[in-house]
Amino acid sequence: MLTYKTECASKDNYDRTFPDVTVSALVDGRNELSVTTSTALAGAIASVKVNEKEFISSGGHGAAFQYAFHAWKDGQEASECYNPTQAGARRDDDGKPPPYHGPSTSALYTMAKSGASIRTEQRPAMFMTLKDTQPGWGGCRPADRQPARVPYTMGLSPYWLKTKIEMAPDHDAEGLENVFRAAATITSEDEPYDHFSSAFVAYLQPDFTKVFSYSPRLGRLSEQPAQSHTSKDPMVRCTADGDYCLGMYVKPDVQGDEAYYYTMSRPPMDYNGHFAENTIQVTSPSGAMDEGNERNYETYVVVGNKSRVESTMTQLHEAFQ
């Protein structure tokens, strides 16, 4: 299992040094929920724990729990070769042993704790940088999508990302200690693109094999295919026994008509490396993006056993619909 260990991970980012940051909340007076953001992953979430149970498979700069983006023009499609990625670049893992927690190409400027919240500011790397000599997914080449100028030549993207993690009692999901709120704003310093999309994606440990969707109308979870599933309803991943689950909930007015939830499982392969992926994400397409434009994102992450996550989803929906 690729489990994050803060004592083994880099704390350096360019000429700056940051300690990792952890916030926690006591659930039901006895269970500690903790979230850790990592300097090695440029402020991305490296760990979500309930007591000693780790949820996140933190297998390098393309995994963990983070934001990733795509921009493309009419006649093109989303490409890994134009893929600003919060945690860092693919090359950050080259020549290193798993779990790949050396320094990140993404430039981290702020990672600070206040109360039960963490705030970060960073310039995401391009997952495929101009110096990456291997083709990306589908055979793409970074030079076909990225101009040979700063910040691309530094491996960075022309976007500015600000994130916030809020645990109880800092978030607005009153009384729900098993929830944390994840919010982000991305601002473009790039030329116009006809299409822009984001994914807030959690790579979960291999034992999170069960997939469920939550029906707001029925107020309950329904099992879905494990390999992949797309839904307009909130999604949940659980261990086989249902003792540990992680779900994502987006307010209906934030989700709108375009955002959707997506889960995926696949076995290890040459492309994704050394671990089985069990992912859950919110994907948010947002149309055109121009210099100076910004996009805002908000997701409530719910943890607990299956019945607790189900009832919490109901409480969130009743509060926010």
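Calculation rules
Residues numbered from 1 in each chain as written. Predicted model: local features only at pLDDT ≥ 70, side-chain atom pairs only at ≥ 80, totals over all residues. Heavy atoms only, no water. Helix = DSSP H or I, 4+ residues; strand = E, 2+ residues; numbered from the N terminus. Rg over C-alpha atoms; globule rule 2.2 N^0.38 Å. Buried < 20%, exposed > 50% of the residue type's maximum accessible area, 1.4 Å probe, protein only. Contact = heavy atoms within 4.5 Å. Areas by Shrake-Rupley, 256 points an atom, 1.4 Å probe, with all protein chains shown as cover. Lys, Arg positive; Asp, Glu negative; His and termini not counted. Charge placed at Lys NZ, Arg CZ, Asp CG, Glu CD. Polar contact = N/O pair within 3.5 Å; in protein donor to acceptor, adjacent residues only side chain to side chain. Phe/Tyr/Trp six-rings, centres within 6.5 Å; stacked < 30°, edge-to-face > 60°. Salt bridge = Lys/Arg side-chain N within 4 Å of Asp/Glu carboxyl O. Expected span 1.5 Å × (residues − 1). Arc of directions from axis to C-beta. Disulfide = S-S within 2.5 Å.

1. Section: the overall build of the protein
Inference 1: Helix and strand counts for the protein stand at two helices and 22 strands.
Inference 2: Taken against the 2.2 N^0.38 rule, which gives 20 Å for 321 residues, the C-alpha radius of gyration of the protein at 18 Å falls within 12% of a compact globule.
Inference 3: For the protein, the C-alpha atoms occupy an extent of roughly 55 × 45 × 40 Å along the three principal directions.
Inference 4: The burial tally for the protein puts 56% of its 321 residues in the buried class.
Inference 5: Contacts in the protein between residues far apart in sequence, at least 24 positions, make up 68% of those at least 6 positions apart.
Inference 6: When the accessible surface of the protein is totalled, it reaches about 13,300 Å², and 47% of it is carbon and sulfur.
Inference 7: Between the centroid of the 30 positive side chains of the protein and the centroid of its 42 negative side chains there is a distance of 2 Å.

2. A short note on the side chain of Arg237
Inference 1: Inspection of the secondary structure assignment puts Arg237 in strand β18 (residues 235–238).
Inference 2: Side-chain polar atoms of Arg237 contact the side chain of Ser265, separated by 2.6 Å.

3. Some remarks on the side chain of Thr39
Inference 1: Along the polypeptide, Thr39 turns up in the loop between β4 (31–37) and β5 (45–50).
Inference 2: A polar atom in the side chain of Thr39 sits 2.9 Å from the backbone oxygen of Phe18.
Inference 3: When neighbours within four sequence positions are excluded, Thr39 is seen to be in contact with Ser10, Lys11, Asp12, Asn13, Phe18, Pro19, Asp20, Leu108 and Met111.

4. Examining the packing of aromatic side chains
Inference 1: Under the defined criterion, the tally for this structure stands at 11 aromatic pairs.
Inference 2: Centroid distance Phe69 to Tyr297: 6.2 Å. Interplanar angle 45°. Geometry classified as tilted. One end of the pair, Phe69, is in strand β7 (residues 65–72); the other, Tyr297, is in strand β22 (residues 294–304), and 228 residues separate them in sequence.
Inference 3: In this structure Phe69 comes out as buried when scored by relative accessible area, which is 0%.
Inference 4: Classification of Tyr297 by relative accessible area gives buried; the value is 11%.
Inference 5: Both rings, one in Tyr159 and one in Phe196, keep their centres 5.6 Å apart while their planes meet at 35°; by these two values the pair is tilted. Here Phe196 lies in strand β14 (residues 195–204) and Tyr159 lies in strand β12 (residues 159–166), a separation of 37 residues in the sequence. Phe196 carries the same exposure label as Tyr159, and that label is buried.

5. Quick word on the pattern of salt bridges
Inference 1: Applying the stated rule across the entire model yields 14 salt bridges.
Inference 2: Taking the shortest distance from any N to any O, the salt bridge between Lys53 and Asp207 comes out at 2.6 Å. Placement of the pair is Lys53 in strand β6 (residues 53–54) and Asp207 in the loop between β14 and β15 (210–215), with a sequence separation of 154 residues.
Inference 3: Take Lys53: its relative accessible area is 17%, and that puts it in the buried class.
Inference 4: Asp207 gets classed as partly exposed once you look at its relative accessible area, which sits at 26%.
Inference 5: Close ionic contact of Lys73 with Glu191 constitutes a salt bridge, the shortest N to O distance being 2.4 Å. Of this pair, Lys73 sits in the loop between β7 and β8 (84–85) while Glu191 sits in the loop between β13 (179–188) and β14, and the two are 118 residues apart along the sequence.

6. Describing helix α2 (residues 306–320)
Inference 1: Compared with an ideal rise of 1.5 Å per residue, which puts 15 residues at 21 Å, α2 spans 21 Å between its outermost C-alpha atoms and is within 8% of the ideal.
Inference 2: Those residues of α2 not exposed but buried are Val309, Thr312, Met313, Leu316, His317 and Phe320. An end-on view of α2 places all buried positions within 135° of arc, on one side of the element.
Inference 3: Among the structural elements, β13, β15, β18, β19 (245–249), α1 (252–255) and β22 are those in contact with the buried residues of α2.

7. Comments concerning the state of the cysteines
Inference 1: One pass over the structure, following the stated rule, counts two disulfides.
Inference 2: Disulfide pairing is shown between Cys81 and Cys140; the S-S distance is 2.1 Å. What sets the handedness of the Cys81 and Cys140 disulfide is the S-S torsion sign, and at about 80° it is right-handed. Of the two residues, Cys81 sits in the loop between β7 and β8 while Cys140 sits in the loop between β11 (125–126) and β12, which places them 59 residues apart along the sequence. Of the two residues, Cys81 and Cys140, neither departs from the other in class, the shared state being buried.
Inference 3: Between the sulfur atoms of Cys238 and its disulfide partner Cys245 the distance amounts to 2.1 Å.

Fair warning: the whole summary comes from geometry, so function is off the table for now.
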